[in-house]
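Reading the structure
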Protein chains: 2
Amino acid sequence: MILIQEIEHVELTGNVLKNYRRKKKILDLLYHKETLSATELSKKIGVSVPTSISLLKELSEDELVEVRGTGPSKGGRRPAVFGLKSDSIFVVSCELGRYTGKVGIFDAHNQLVAPIVKFKTSIDDDELIDKIYNEVASIVRAKRINPKRIYGVGIAMPGLVDEKEGYNHTIKKEELRNVAKRMRTKFNKLVYVNNDARMQAYGEFIFGAAKGHKNALILNWNWGLGLGMILDGKIYSGAAGFAGEFSHIKFIDDGELCICGKRGCLETVSSAYVIIRRAQEAVKANTVSQLTAKFKGRESEITVEDIIQAARLGDECSINLLGEVGAAVGKALANAIQLLNPDVIVLGGVVSAAKQYVLNPIQQSIHTHSLEQISGDVQLLISESWEQAGLLGTTAMLFQKLFSNMYN
Amino acid sequence: MILIQEIEHVELTGNVLKNYRRKKKILDLLYHKETLSATELSKKIGVSVPTSISLLKELSEDELVEVRGTGPSKGGRRPAVFGLKSDSIFVVSCELGRYTGKVGIFDAHNQLVAPIVKFKTSIDDDELIDKIYNEVASIVRAKRINPKRIYGVGIAMPGLVDEKEGYNHTIKKEELRNVAKRMRTKFNKLVYVNNDARMQAYGEFIFGAAKGHKNALILNWNWGLGLGMILDGKIYSGAAGFAGEFSHIKFIDDGELCICGKRGCLETVSSAYVIIRRAQEAVKANTVSQLTAKFKGRESEITVEDIIQAARLGDECSINLLGEVGAAVGKALANAIQLLNPDVIVLGGVVSAAKQYVLNPIQQSIHTHSLEQISGDVQLLISESWEQAGLLGTTAMLFQKLFSNMYN
DNA sequence: AAAATCTTATTAAAATATTTAAAAAAGATT
DNA sequence: AATCTTTTTTAAATATTTTAATAAGATTTT
């Protein structure tokens, strides 16, 4: 079975290597296109039709590819179209938050084989990998999946993650930082680790609101503000994998002290935490607000959702609060737009649920702070599938790694 | 002759196409590596040694490649090494400034065949293309170059340039904006047009201070501030080709009115023009300064070089002036660092000649305004070959286009 | 509506290209 | 000088493309 060699590090040469690369390329093309005919494939991989057909025959024998009916024609015999075989290639994708994790098994059509499983954990959890493994094992048992058909495992996690090394610099215990290595030891599969905002960005790029936009900024607006960037159609990670640290962009000279040790970071003005704190303060100060009526005396229970809900019901205090943080984020985004000239910006995370209450001030702020020629064509959207974005991004990345030719 | 087909748009198929691609790949590898053996090439292009040798034989017959001696060995027969033939492939590179242009003919070893020629022009000059053509023609005559051996012509020019279309949106007359088309009509060669800051960035990346750094920011600090970005080893242009508009990043709320119509752009604080104006004002106000002594009554003659020169001689007024603009640029760069996590920043342009008088305040400012983890490893350098950076970048880009496989 | 014609896909066989394996050449190392 | 290594060449084996033939369906004509 051809894909396994990626793990076993078998050195391929000559014709065997050529064959292996071509097959991977076919799998990759089918992963992205769903179905293709032998003729189309022959053009895309640069071989003649007979060769293309013989490669497809071999892939069918490996049970990786199957005929999925006939395609359309514009006046001739209709072609047989090929696609990835269902139930033959799976990957495991996991996304971690501050206190929880979720994991799912996906097939080559990016479909979940069972509902996403949630569990309590954190990036500093000693048993993180074991927990993931156990959750996966129980899905595998329940759905009677052949474990050999699982080809890769990926994690999207908060922190300063170096994708190449699979290293999370934010994990406290030094010996636990090499996440990729721990995963490989436990699963013995292809492993991929990256930052959550970047994987969400990739998910939105491949399947969501940023689909088809080669230059997209995707903001994960939560307790921090993580900016995932798709530049020239690829995830951008920066020199050390630290790109997109939007949270700690200097926003106000001599502003409030931030957890990072600097003053006036964007995070100190517009994180979900700050929004809640400001709402709490307003309630404590008896400001006229629906929140005061509802939460007076138990301010610590206020959530971002509550504030958004109040805004929807016309609460001026909440609307103003969301407007102010929106304007701040918009100003910061304007700089990013000026620098990167994206064609779309997608908002995700708890705060983005506020929709027009943050969209409008952001849009306004972008107009004020950047050149019309550059920002004029930027679409500003809210993610419609943020729950799955990170998992789907990780899945797509795993398949890409699986089907890519590392040599070249 | 194989390369000409790129211009004639001959549709290649099957083995002919395969052969053509492989030859291009060999040329590309030799352009970047200077010399390679048949064995090394066979590995890099994925064919066996006999095939590699036969391809090299064909390229030799086309006079594109030649044996350049024998390579080293670690205990066996020494390999013949191949390289691009001198005097057989040339390109024309042109760089425009606000009021002047310079042009040179380069061989495949990136060497000038004659000194750079300078001439007066602007991007709005009706006869721009004719002027370039005539300058090239006279070099061709003087050096007896076979015009058929010139395979491409490139221009690096100021303005909002869309690289894909070869369109400069900043040119006033609508009908002159399609620069690539005008060039193709006149020269009938492969044509490449891009923004000057981006081409200088590419030059620094391939040959200069940013060499080997896959994520580099290169600042063209002149009348405007253009930021050329190398991200993941490629020039980054953005969705519409407008990326890197550093000049008009919002820097001061409700600041000075900028030519772009907005207020408080970085350009209004730290362009070469602003530096000169502030020096002039200081002289008019009889500030204690070497400049006052030298230029009182003829303030309009002050140049940036004069200010830098004064700073070098210890003039406190000039040192402070450069320090202030440096701090401003540093603060803006800090945001870019936070977003993009580059591994090197290179400064070029007239103001960068001030060396430590701007470097130190920039460095200081970066430290203050960005996370140590991200900015800690960033090198801050001054270009040592800015005069040629744009031309060399354009040259490298032309060869890359020439040797790349457009289909794929 | 059936037959003829056109298009495109697939298969088969011949022609060509490429790789593999073995031999020869050239130089390095012992 | 003998042995080892690596490159280059050669010839046999294999793979791939090309060309031609066949198949299958679409379109047009009768």
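Given the structure is predicted, the values throughout are model-derived calculations rather than measurements.

In this section: the overall build of chain A. Scanning chain A for helices and strands turns up 15 helices and 15 strands. Taking 2.2 N^0.38 as the reference for a compact globule, 408 residues should give roughly 22 Å; the C-alpha atoms of chain A span a radius of gyration of 24 Å, in line with that estimate. Summarising its shape, the C-alpha atoms of chain A cover approximately 75 × 50 × 35 Å along the three principal directions. Counting every position in chain A, which comprises 408 residues, the buried fraction comes to 55%.

To continue, consider the sheet that holds strand β12 (residues 225-231) of chain A. Residues and elements named next belong to chain A. The mixed open sheet is built from 5 strands, whose spatial order is β13-β12-β11-β14-β15. Of all the strands in the sheet, the pair left with one neighbour each is β13 (234-235) and β15 (379-382). Sheet analysis places strand β14 (residues 344-348) next to β15, joined by 4 bridges and oriented parallel. Bridge pairing in β15 links isoleucine 345 to leucine 380. Contacts between helix α13 (residues 356-369) and the sheet are confined to β11 (216-221), β14 and β15, with β15 contributing the most and set at about 160° to the helix.

All names here are of chain B. By the element assignment, serine 270 lies in helix α8 (residues 267-270). Serine 270 gets classed as buried once you look at its relative accessible area, which sits at 0%. Discounting chain neighbours no more than four positions away, the residues touching serine 270 are Trp221, Leu225, Ile275, Val325 and Val329.

Near DNA strand C there are 19 residues, and of these Gly75 and Gly76 of chain A together with Arg22, Ser48 and Thr51 of chain B occur at the shortest range. Each atom of DNA strand C within 4 Å of the protein was classed as base or backbone; sugar and phosphate made up 76%. Measuring from a base oxygen of DNA strand C, one finds a backbone N or O atom of arginine 77 of chain A at 3.1 Å. Arginine 77 of chain B is positioned with one of its side-chain polar atoms (N or O) 3.5 Å from a base nitrogen of DNA strand C. Elements with a contribution of two residues or more to the surface near DNA strand C: α2 (14-33) of chain A together with α2 (14-33) and α4 (49-61) of chain B. Broken down by element, the residue count for the surface near DNA strand C peaks at 3 residues, all from α2 of chain A. In terms of residue class, the surface near DNA strand C is made up of 4 nonpolar, 10 polar and 5 charged.

Attention shifts here to the nonpolar core. Counting residues in hydrophobic clusters, the biggest one holds 100 residues, and the most contacted among them are Phe246 and Leu340 of chain A together with Phe246 and Leu340 of chain B. Setting aside residues up to four positions removed in sequence, leucine 340 of chain A forms contacts with Leu217, Met229 and Leu231 of chain A together with Met229, Leu231, Tyr236, Gly238, Ala243, Leu339 and Leu340 of chain B.

So, on to the sheet that holds strand β12 (residues 225-231) of chain B. Residues and elements named next belong to chain B. Read across the open sheet, the 5 strands follow the order β13-β12-β11-β14-β15; overall the sheet is mixed. Two strands in the sheet have a free side with no partner beyond their single neighbour: β13 (234-235) and β15 (379-382). One ladder, built from 6 bridges, connects strand β11 (residues 216-221) with β12; its direction is antiparallel. Bridging across to β12, leucine 217 finds its partner in methionine 229.

Quick look at the environment of glutamate 245 of chain B now. When you line up the elements, glutamate 245 of chain B lands in the loop between β13 and α8. Residues glutamate 245 of chain B and proline 79 of chain B, 166 residues apart in the sequence, show an inter-C-alpha distance of 49 Å. Setting aside chain neighbours within four positions, we find glutamate 245 of chain B in contact with Gln338 and Ile374 of chain A together with Leu160 of chain B.

As a further point, take the protein's contact with DNA strand D. As a matter of local geometry, DNA strand D sits amid 22 residues, with Arg22, Ser48 and Thr51 of chain A together with Gly75 and Ala80 of chain B nearest to it. Among all atoms of DNA strand D positioned within 4 Å of the protein, those belonging to sugar or phosphate total 75%. Contact distances for DNA strand D include 2.7 Å between a phosphate oxygen and a side-chain N or O atom of arginine 22 of chain A. At a separation of 3.2 Å, a phosphate oxygen of DNA strand D approaches a polar side-chain atom of lysine 18 of chain B. The biggest single contributor to the surface near DNA strand D is α2 of chain B, with 3 residues. For the surface near DNA strand D, the per-class residue count stands at 6 nonpolar, 11 polar and 5 charged.

Residue and element names in this part refer to chain A. Scanning the model with the defined rule gives 10 aromatic pairs over all chains in all. A network of ring pairs unites the aromatic residues Tyr31, Phe399 and Phe403 as a single cluster. The ring of phenylalanine 251 has lysine 331 sitting right over it, with the charged end atom 5.5 Å from the ring centre.

What follows is about the pattern of salt bridges. All names here are of chain A. Tallied over the entire structure, the rule returns 30 salt bridges over all chains. A salt bridge links glutamate 387 to lysine 102; the nearest nitrogen and oxygen atoms lie 3.4 Å apart. Remark: lysine 102 occurs in strand β5 (residues 100-107) and glutamate 387 occurs in helix α15 (residues 386-403); sequence separation between them is 285 residues. Of the residues examined, lysine 102 reaches a relative accessible area of 12% and is grouped as buried. The residue arginine 177 makes a salt bridge to glutamate 174 at a minimum N-O spacing of 3.4 Å. The buried category is assigned to arginine 177, whose relative accessible area is 19%. One salt-bridge network, held together by shared partners, links Lys23, Glu58 and Asp62.

Taken as a whole and judged by the stated rule, the model has 1 cavity of 30 Å³ or more. If you trace the largest cavity, you find it lined by His248, Lys250, Lys262, Arg263 and Cys265 of chain A together with Thr368, His369, Ser370 and Leu371 of chain B. Considering only residue class, the lining of the largest cavity consists of 2 nonpolar, 4 polar and 3 charged.

Here the focus is the relation of the copies chain A and chain B. Structural alignment of chain A on chain B gives an RMSD of 0.1 Å, achieved by rotating through 180° and translating 0.0 Å along the axis. Accordingly, the operation relating the two chain copies is best matched by a two-fold axis. Both copies present the same face, since 100% of the interface residues in chain A are matched by interface residues at the equivalent positions in chain B.

We now examine the environment of valine 117 of chain B. Residues and elements named next belong to chain B. Residue placement: valine 117 occurs in strand β6 (residues 117-120). In this structure valine 117 comes out as partly exposed when scored by relative accessible area, which is 21%. The spatial distance from the C-alpha of valine 117 to the C-alpha of leucine 128 is 14 Å, given a sequence separation of 11 residues. Those residues in contact with valine 117 that lie beyond four places of it in its chain are Gly101, Lys102, Val103, Glu135 and Ile139.

Our next topic: helix α9 (residues 272-284) of chain A. Residue and element names in this part refer to chain A. The terminal C-alpha atoms of α9 lie 18 Å apart, and with 13 residues this matches the ideal 18 Å at 1.5 Å per residue to within 8%. Within α9, burial applies to Ala272, Val274, Ile275, Ile276, Ala279, Gln280, Ala282 and Val283. Buried residues along α9 sit against α8 (267-270), α10 (290-295), α11 (304-312) and α12 (316-340). Of the residues trailing α9, asparagine 286 is marked for its positive phi of about 60°.

All names here are of chain A. Its 25 residues place the ends of α12 35 Å apart at the C-alpha level, agreeing with the 36 Å of an ideal helix rising 1.5 Å per residue. Burial runs high along α12: 19 of the 25 residues are buried. Trailing α12 by a residue or two, asparagine 341 shows a phi angle of about 45°, which is positive.

Further remarks concern a positive patch on the surface. On the surface, a cluster of positive charge is made up of Lys164, Lys214 and Lys234 of chain A together with Lys164, Lys214 and Lys234 of chain B. Tracing the backbone through its elements, the reader meets lysine 234 of chain B in strand β13.

On to the interface of chain A and chain B. At the interface, 43 residues of chain A touch 43 residues of chain B. Overall, the association of chain A and chain B removes approximately 3,600 Å² of surface from exposure, summing both partners, and the carbon and sulfur fraction of that is 55%. Looking only at chain A, the three residues that lose the most surface to chain B are Tyr236, Leu339 and Asn341 of chain A, adding up to 18% of its buried area. Counting every contact that joins chain A to chain B gives 2 salt bridges.

Basis of the calculations
Residues numbered from 1 in each chain as written. Chains lettered and ligands numbered in written order. Predicted model: local features only at pLDDT ≥ 70, side-chain atom pairs only at ≥ 80, totals over all residues. Heavy atoms only, no water. Helix = DSSP H or I, 4+ residues; strand = E, 2+ residues; numbered from the N terminus. Rg over C-alpha atoms; globule rule 2.2 N^0.38 Å. Buried < 20%, exposed > 50% of the residue type's maximum accessible area, 1.4 Å probe, protein only. Pairing = 2+ DSSP bridges. Contact = heavy atoms within 4.5 Å. Axes fitted to C-alpha atoms, helices over the stretch in contact; angles between N-to-C directions. Near = heavy atom within 4 Å. Polar contact = N/O pair within 3.5 Å; in protein donor to acceptor, adjacent residues only side chain to side chain. Nonpolar A, V, L, I, M, F, W, Y, C, P; charged D, E, K, R; others polar. Core = buried A, V, L, I, M, F, W, Y, C linked by side-chain atoms within 4.5 Å. Phe/Tyr/Trp six-rings, centres within 6.5 Å; stacked < 30°, edge-to-face > 60°. Lys NZ or Arg CZ within 6 Å of the ring centre and 35° of its normal. Salt bridge = Lys/Arg side-chain N within 4 Å of Asp/Glu carboxyl O. 1 Å grid on protein atoms, 1.4 Å probe; cavity = no way out; pocket = protein on both sides within 12 Å on 5 of 7 lines; lining within 4 Å. Points joined across faces, edges and corners; volume = space filled by probe spheres on them. Least-squares fit on C-alpha atoms with pLDDT ≥ 70 in both. Expected span 1.5 Å × (residues − 1). Patch = residues over 30% accessible without salt bridge, like charges linked within 9 Å, V, L, I, M, F, W, Y side chains within 5 Å. Areas by Shrake-Rupley, 256 points an atom, 1.4 Å probe, with all protein chains shown as cover. Lys, Arg positive; Asp, Glu negative; His and termini not counted. Charge placed at Lys NZ, Arg CZ, Asp CG, Glu CD. Buried area = accessible area lost by both parts, 1.4 Å probe.

As far as function goes, none of this settles anything; it's purely spatial.
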